[in-house]
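Descriptive structure summary
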Amino acid sequence: MSLLEIDDLTVTYRTAGGPVPAVRGLSLDLPAGQKLGVAGESGCGKSTVALALLRLLPTTATVSGRILFEGEDVLSMTWGRLRAVRWAGASIIFQGAMHSLNAVHRIGAQIAEPILLHESVTQAEADLRVTELLTQVGLPPDRARAYPHELSGGQRQRVMIAMALACNPRLIVADEPTTALDVMVQAQILRLIEELVRDHDISLMIISHDLAVLADTCDRLAVMYAGRVVEQGPARQVFEAASHPYSAALSGAFPRIGDPASRLQPRGLAGDPPDPAELPTGCSFHPRCPSALDICSHVDPELWPAGESEAACVLVLPDQGASLAEEAIR
Amino acid sequence: MTTAEVLSPRRMAWIRRWRTVTRVWREFRRNRAGVVGLVLLVGACLLALAAPLFISEMELSVTRAPGPFVASPSWDYPLGTDKFGRSVLDLIWQGSRVSLTVGFLATFMSVFLGTVIGIASGHYRGWVESVLMRFTDWVLVLPTLVLAVSLVVVLGRGIGTIIIAIGVTAWPVTARLVRAQTLAVESRPFIERSRALGGGHWHVMSRHVLPNVMPIVLARTTLLVAATIIAESTLSFLGLGDPSLISWGSTLQEARDAGATSAGLWWWIVPPGIAIALVALAFTMVGRALEQVYNPRLRERL
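Residues numbered from 1 in each chain as written. Chains lettered and ligands numbered in written order. Predicted model: local features only at pLDDT ≥ 70, side-chain atom pairs only at ≥ 80, totals over all residues.

For the rest of this paragraph, the subject is the overall build of chain B. A count of helices and strands for chain B gives 13 helices and zero strands. With the C-alpha coordinates of chain B rotated into their principal frame, the extents come out at 70 × 50 × 35 Å. Relative to its full complement of 302 residues, chain B shows a buried share of 38%. (Helix = DSSP H or I, 4+ residues; strand = E, 2+ residues; numbered from the N terminus. Buried ≥ 20, exposed ≤ 12 C-beta atoms within 10 Å, placed from the backbone.)

Structural data, given as structure tokens:
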């Protein structure tokens, strides 16, 4: 059984300008012990998915579909059960550690917070666990007495990781865990997350815009565009031999070391991500797609097997989607 | 570590509490203005408590007071006397009892109400917020004096009525300020984190919102103490208090009625004002110092 199974998840925000679909029929699957990367541009709905997992979305969001965590539907859980699953079952490493820490509490107290909430332990036992956790993430235990502003960006992110581990969760969702960090610290933090997840046998879901980082860390990759998965498969294949033009553009956006061609001619992607309130007809990527066909503005393909992975593009359909094209014309 | 295992958890908890107290005190002591304010406040309270030991009832009597009428300061009467021959120093001393009681209790009551209502409406949003805020607006537009007069009719005259009247009319401004700050704090990511941790409403409000709105609450408290002491004088003046009780407000009011300002009787009208200002100032200094103790970022700048 999968640890996490998202089935046809739809999230729509109610705004003054009408409903805005942020996630449109997303399905993902995360077997226990695996590492899944979710990639995509800003605004493609990847953070919304992370928040939906623990039902943390604001009340303006309408959520439908199913999110099965260890076989239980998160969306229909009672409030008490939900609070128990939050952090003890699945925890989150938030982006922007500075703002995710409360400036008026010492970090030791903040790491102990979930322990005291979920387990009937004394403060002394919790303090002991905090010491242990800080050592695990490579911080000296006496930093427990520091306030968030006294730490560097990398140290704060380590505190967030210690906090995520505090209640021995089965799943950790890392939402852009390295965004605000410089490249060296980024690598350290990713290695640390990888190691801890492996040692504690925790499943991991990393959300990032950086396909290269994800390909390096994860077993499987899912590429999101405009609230949908457009390609998913083994990390290496998605990164190096993408089937969907969007994944190809995303992986091409990072220059590769040792490949002068990519440096001299960095491939980017023209245009901006689509406005979720006014999505283009057909395949939502077709206005920016370098290899768009005429039928792309009419048909919106489902995920289709393409080698070891799956992609939602007419180019991977058998006969280049000839049958779909006929249907569209009819 | 070995000692920690020997000690019982309860004893550990007490040791920790004691450490917190000593830590707060150590940090508070570093702020000299705060210490001065605290000394002033404690001094004022002790003097107020000790007043009956030094001042006899006769000295405060309107008919049997021994001094000359409206005399300027002298050796016997360091702050002069009022129109009944009572020593102004004794009036201030005795008056501090009522003024400090009303000032502290009414302020505490209104700040407490305002903070609870402000945080609740900022946290829960939706219909809870609508109901609480409309209620706040309604109290805000109620004329304080009219409400106080009606309260006296219902509850009877006395110092308790004055405290309640001030307490239930002064909170809406606090509630609005605290709500605004709560909304700002609630939109910060650490609130999302604390919800993701599995924290309930009470946890989020008490652990994360309250410490972050505390500076505003403290600032409001220091301002309110002076305001309530003056409000007490207004209400006493209208005859809603106990006329036999002496307070700083009533002394000020009597001096004004007797034309102390135009007659140049400064020793009668200035001291009660200075007393009010001193207490308000002491409160401000203590409030600022507490803010520095509880806000680690301000502490760094010291």
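What chain A contains, in helices and strands, is 12 helices and 12 strands. Along the longest, intermediate and shortest principal axes, the C-alpha atoms of chain A span 70 × 50 × 40 Å. By the burial criterion, 44% of the 330 residues in chain A qualify as buried. For chain A, restricting intrachain contacts to residue pairs at least 6 apart in sequence, the fraction spanning at least 24 positions comes to 62%. (Contact = placed C-beta atoms within 7 Å.)

What follows deals with the packing of helix 4 (residues 88–124) of chain B against helix 10 (residues 248–257) of chain B. Residue and element names in this part refer to chain B. Closest axis-to-axis distance for the helix 4/helix 10 pair is 7 Å, and the angle between their directions is 130°. When the interaxial angle is binned, helix 4 and helix 10 end up oblique. Packed against helix 4, whose contacting residues are Leu-91, Ile-92, Gly-95, Ser-96 and Ser-99, the element helix 10 presents Trp-248, Gly-249 and Thr-251 at the interface. Of the residues in the contact of helix 4 with helix 10, the class split is three nonpolar, five polar and no charged. (Axes fitted to C-alpha atoms, helices over the stretch in contact; angles between N-to-C directions. Parallel < 35°, antiparallel > 145°, perpendicular 65-115°, else oblique. Nonpolar A, V, L, I, M, F, W, Y, C, P; charged D, E, K, R; others polar.)

The next thing to look at is the interface of chain B and chain A. Each partner contributes residues to the interface: chain B has 24 residues there, and chain A has 25 residues. For the side of chain B that touches chain A, the secondary-structure elements that each account for two or more residues are helix 2 (9–29), helix 8 (189–196), helix 9 (201–237) and helix 13 (296–300) of chain B. Broken down by element, the residue count for the side of chain B that touches chain A peaks at six residues, all from helix 8 of chain B. Residue composition of the side of chain B that touches chain A, by class: 11 nonpolar, seven polar and six charged.

A word on the nonpolar core. Ala162(A), Leu221(A) and Val223(A) are the most contacted members of the largest nonpolar core, which has 153 residues in total. Here this core takes 12 residues from helix 12 (residues 266–294) of chain B, the largest share from any one element. When neighbours within four sequence positions are excluded, Ala162(A) is seen to be in contact with Ile111(A), Leu133(A), Leu134(A), Gln136(A) and Val137(A). (Core = buried A, V, L, I, M, F, W, Y, C linked by C-beta atoms within 7 Å.)

Turning our eyes to something else, we now look at the sheet that holds strand 6 (residues 90–93) of chain A. All names here are of chain A. The strand order 6-7-8-3-9-10-12-11 describes an open sheet built from eight strands, whose pairing is mixed. A single partner strand is all that each edge strand has here, and the edge strands are strand 6 and strand 11 (304–306). Strand after strand, the sheet turns through a mean of 20° between neighbouring axes, direction not considered. Here strand 6 runs beside strand 7 (residues 171–175); their pairing, made up of four bridges, is parallel. Each residue of the ladder has a partner; that of Ala-90, found in strand 7, is Leu-171. (Pairing = 2+ DSSP bridges.)

Moving on to helix 3 (residues 32–54) of chain B. A rise of 1.5 Å per residue sets the reference length of helix 3 of chain B, with its 23 residues, at 33 Å; its end C-alpha atoms lie 31 Å apart and thus fit the reference within 8%. The largest bend in helix 3 of chain B is about 35°, located at Ala48(B), with the proline Pro52(B) one to four residues further on. (Expected span 1.5 Å × (residues − 1). Bend = angle between axes of the 7 residues up to and from the residue.)

Turning our eyes to something else, we now look at the pairing of strand 3 (residues 35–39) of chain A. Residues and elements named next belong to chain A. Counting buried residues in strand 3 gives five out of five residues, a clear majority hidden from the surface. The side-chain alternation of strand 3 yields two buried faces, one formed by Lys-35, Gly-37 and Ala-39 and the other by Leu-36 and Val-38. In the sheet, strand 3 pairs with strand 8 (residues 203–208) via five bridges, with the strands oriented parallel. Bridge pairing in strand 8 places Gly-37 opposite Ile-206. Across four bridges, strand 3 lies against strand 9 (residues 220–225) in parallel orientation.

Our next topic: helix 1 (residues 46–53) of chain A. Residue and element names in this part refer to chain A. Burial analysis of helix 1 places seven of its eight residues in the buried class, the great majority of the element. Looking at helix 1, one finds that the buried residues are Lys-46, Thr-48, Val-49, Ala-50, Leu-51, Ala-52 and Leu-53. Of the residues one or two after helix 1, Arg-55 is the one with positive phi, at around 55°.

The next thing to look at is unusual backbone geometry. Residue and element names in this part refer to chain A. Notably, Trp-87 is not glycine yet its phi reads approximately 75°, a positive angle. Following the sequence through the fold, Trp-87 ends up in helix 2 (residues 79–88). Unusually for a residue other than glycine, Ala-226 sits at a positive phi of about 50°. With respect to the helices and strands, the residue Ala-226 is situated in the loop between strand 9 and strand 10 (228–234). Among the residues examined, Ala-226 registers 24 C-beta atoms within 10 Å and is labelled buried.

This part takes up the sheet that holds strand 5 (residues 72–73) of chain A. Residue and element names in this part refer to chain A. Taken together, four strands build an open sheet; the order of strands is 2-1-4-5 and the sheet is antiparallel. With one partner strand each, in any of the chains shown, strand 2 (18–31) and strand 5 form the two edges of the open sheet. Sheet topology note: the strand 4 (residues 61–69)/strand 5 ladder contains two bridges and is antiparallel. Within strand 5, the residue paired with Phe-69 across the bridge is Glu-72. Together, strand 1 (2–15), strand 2 and strand 4 form the strand contacts of helix 1, whose direction differs from that of strand 2 by roughly 70°.

A few words on the environment of Pro31(A). Residue and element names in this part refer to chain A. Of note, Pro-31 is situated in strand 2. The exposure class assigned to Pro-31 is partly exposed, which follows from the 14 C-beta atoms found within 10 Å. Remark: the alpha-carbon pair of Pro-31 and Leu-3, spanning 28 residues in sequence, is separated by 5.3 Å.

All names here are of chain B. Relative orientation of the contacting elements helix 4 and helix 5 (residues 126–141) amounts to 145°, with a least axis distance of 7 Å. As helix 4 runs across helix 5, the sense of the crossing is left-handed. Here helix 4 contributes Ile-117, Ala-120, Ser-121 and Tyr-124 to the contact with helix 5, which in turn contributes Gly-126, Val-128, Glu-129, Leu-132, Met-133 and Thr-136. Split by residue class, the contact of helix 4 with helix 5 holds six nonpolar, three polar and one charged. (Left-handed = near helix turned anticlockwise from the far one by under 90°.)

Residues and elements named next belong to chain A. Following the sequence through the fold, Glu-150 ends up in the loop between helix 5 (123–136) and helix 6 (153–165). Judged by C-beta crowding, with 15 C-beta atoms within 10 Å, Glu-150 ranks as partly exposed. Here the alpha-carbon distance between Glu-150 and Ile-107, two residues 43 residues apart in the chain, equals 10.0 Å.

Of note, Ala196(B) is situated in helix 8. Residue classification places Ala196(B) among the buried residues on the basis of 24 C-beta atoms within 10 Å. Residues within four places of Ala196(B) in sequence aside, it is in contact with Leu54(A), Leu56(A), Arg86(A), Trp87(A) and Ile92(A).

Time to look at the confidence of the model for chain B. Residues and elements named next belong to chain B. Looking at chain B as a whole, the pLDDT averages 84, with 95% of positions reaching at least 70. Ranking the elements of chain B by mean pLDDT puts helix 1 (residues 2–6) last with 50 and helix 5 first with 92. Listed scores for the predicted complex are pTM 0.77 and ipTM 0.79. (pLDDT = per-residue confidence, 0-100.)

Our next topic: the pairing of strand 1 of chain A. Residues and elements named next belong to chain A. Pairing between strand 1 and strand 2: 10 bridges, direction antiparallel. Bridge pairing in strand 2 places Glu-5 opposite Asp-29. Hairpin connection, strand 1 to strand 2: the antiparallel pair is bridged by two residues. Alignment of strand 1 against strand 4, held across eight bridges, turns out to be antiparallel. Paired with Glu-5 across the two strands is Leu-68, which belongs to strand 4.

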